[in-house]
Every structure is written in C-alpha cells, then in structure tokens.
Amino acid sequence: MEGRELQAPVKASRMVMVTRVESFSAAHQLHSNCLNAEENKRIYGKCNNPNGHGHNYKVEVTVRGEVNPLTGMVINITELKEHMQEAIIKPLDHKNLDKDVPYFTNVVSTSENVAIFIWDNLQKNLSPNLLYEVKVYETDKNIVVYRGE
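These numbers come from a predicted model, not from an experiment.

Taking the UniProt record as the reference, the feature "binding site: Zn(2+)" (unreviewed entry) is found at His-28, His-53 and His-55. A maximum C-alpha distance of 8.4 Å is found for the annotated residues, which run over 28 residues; spatially they form one tight group. Within the element layout of this structure, His-28 appears in strand S1 (residues 15–28). Residue classification places His-28 among the buried residues on the basis of a relative accessible area of 1%.

The following block contains the structure:
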C-alpha cells in the first residue's frame, strides 16, 4: 500500500446553486379593489397614496442543478442574464406596476406578488426544476423570498 494515495469516492453528480442579481425601478400604489377606501388606507397606510410611490428593487434569482461535466456550469450565466432581462427588466423597469403591467390590474402590487410574477415569468423559459428561488428587495430592510410553493 505504500506509495498509493487514498482517494474519496467520486460523486456521480454535484448540485450547485447559482445566483444572479439585477435591479429595476418601478412605481406602485398598494391598493386592493376588494377593499373599500377606508380599509385600503388602514391596511396599506402611506403606501396607499393615490399618486403612488417608487422603489429601487433588487432581485436575486437562484437556480439549482447539477454541474454539467462538459461545460462546468449549471447554467450559462449569459443565458440566465437574458432570461432575467425578459422576465424582470423589460416588463417592470421604469414602469408603474399598477398601470403598465397587466398582471397587476387585479393583483395588489406587493413585493410578495412581484416575486410571484417574476417566478412565473422565469419559469416560462427555464428548464424544469432549475429555478430555485426569487428574492426581491423592496428596500434594504424589506425582503421577500419565493420558491414556487
């Protein structure tokens, strides 16, 4: 046995998470068509301002998968960037979410619903089971995480 090196068993596959970050700016008014004016004001407070307000959102998209032995990647980061441009930046950046994005016509534009919107848009073009998590930073202190559940 002298001269031989002991090696750990080789794993057949390695699962890795890859995260990419993008930012967008958008305005919205937190308002539910299912509530009256008084209820909207009580629940959403200053965020129910009829003139709306804006945020500089940060979005982290995490994919999870096996490392391809030929490319060494879970996903080509350029491909992920392109998917995020289509699913996040084009429909949301510099928009009034409530007026410019049809999804939010009858859905309150909370960060929770923004995360779901982004997830659903990304799912349309990514391989099944690749998308792991969407994290939306509405502010530095208000963060929403959605994993498709």
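Turning next to the pattern of salt bridges. Summed over the entire model, instances satisfying the criterion amount to four salt bridges. One salt bridge in this structure joins Glu-60 and Lys-58, with 4.0 Å as the shortest N-O distance. Its relative accessible area of 31% is what places Lys-58 among the partly exposed residues. Between Glu-133 and Arg-147 there is a salt bridge, with its nearest N and O atoms 2.6 Å apart. Taken together, the residues Glu-133 in strand S4 (residues 131–137) and Arg-147 in the segment after strand S5 (143–146) connect sequence positions 14 residues apart. Glu-133 sits in the buried class, given a relative accessible area of 8%.

What follows covers the sheet that holds S4. Here five strands make up an open sheet; going across it, the order is S3-S1-S2-S4-S5 and the pairing mixed. This sheet does not close on itself; its edge strands, each paired only once, are strand S3 (95–96) and S5. Relative to S3, S1 runs parallel, the two being bridged by two bridges. Residue pairing in the sheet places Ala-26 in a bridge with Lys-95 of S3. The strands touched by helix H2 (residues 77–92) within the sheet are S1, strand S2 (53–66) and S3, with S1 carrying the most contacts at an inclination of about 20 degrees.

Glancing now at the layout of surface pockets. Each pocket or cavity is described by its volume, and for the largest pocket that value is around 230 Å³. In this structure, the largest pocket is lined by 16 residues; those nearest its centre are Gln-29, His-31, Asn-33, Asp-98 and Phe-104. For the lining of the largest pocket, the residue count by class is four nonpolar, ten polar and two charged.

So, about the pairing of S5. Side-chain alternation along S5 places Val-144 and Tyr-146 on a buried face and Ile-143 and Val-145 on a face that remains uncovered. The pairing of S4 with S5 spans four bridges and is antiparallel. Bridging across to S5, Tyr-137 finds its partner in Ile-143. Linking S4 to S5, which pair antiparallel, is a turn of five residues.

Here is what the cut-offs are and how they apply
- Residues numbered from 1 in each chain as written.
- Predicted model: local features only at pLDDT ≥ 70, side-chain atom pairs only at ≥ 80, totals over all residues.
- Heavy atoms only, no water.
- UniProt positions renumbered as here; feature names shortened; annotations may be inferred.
- Helix = DSSP H or I, 4+ residues; strand = E, 2+ residues; numbered from the N terminus.
- Buried < 20%, exposed > 50% of the residue type's maximum accessible area, 1.4 Å probe, protein only.
- Salt bridge = Lys/Arg side-chain N within 4 Å of Asp/Glu carboxyl O.
- Pairing = 2+ DSSP bridges.
- Contact = heavy atoms within 4.5 Å.
- Axes fitted to C-alpha atoms, helices over the stretch in contact; angles between N-to-C directions.
- 1 Å grid on protein atoms, 1.4 Å probe; cavity = no way out; pocket = protein on both sides within 12 Å on 5 of 7 lines; lining within 4 Å.
- Points joined across faces, edges and corners; volume = space filled by probe spheres on them.
- Nonpolar A, V, L, I, M, F, W, Y, C, P; charged D, E, K, R; others polar.

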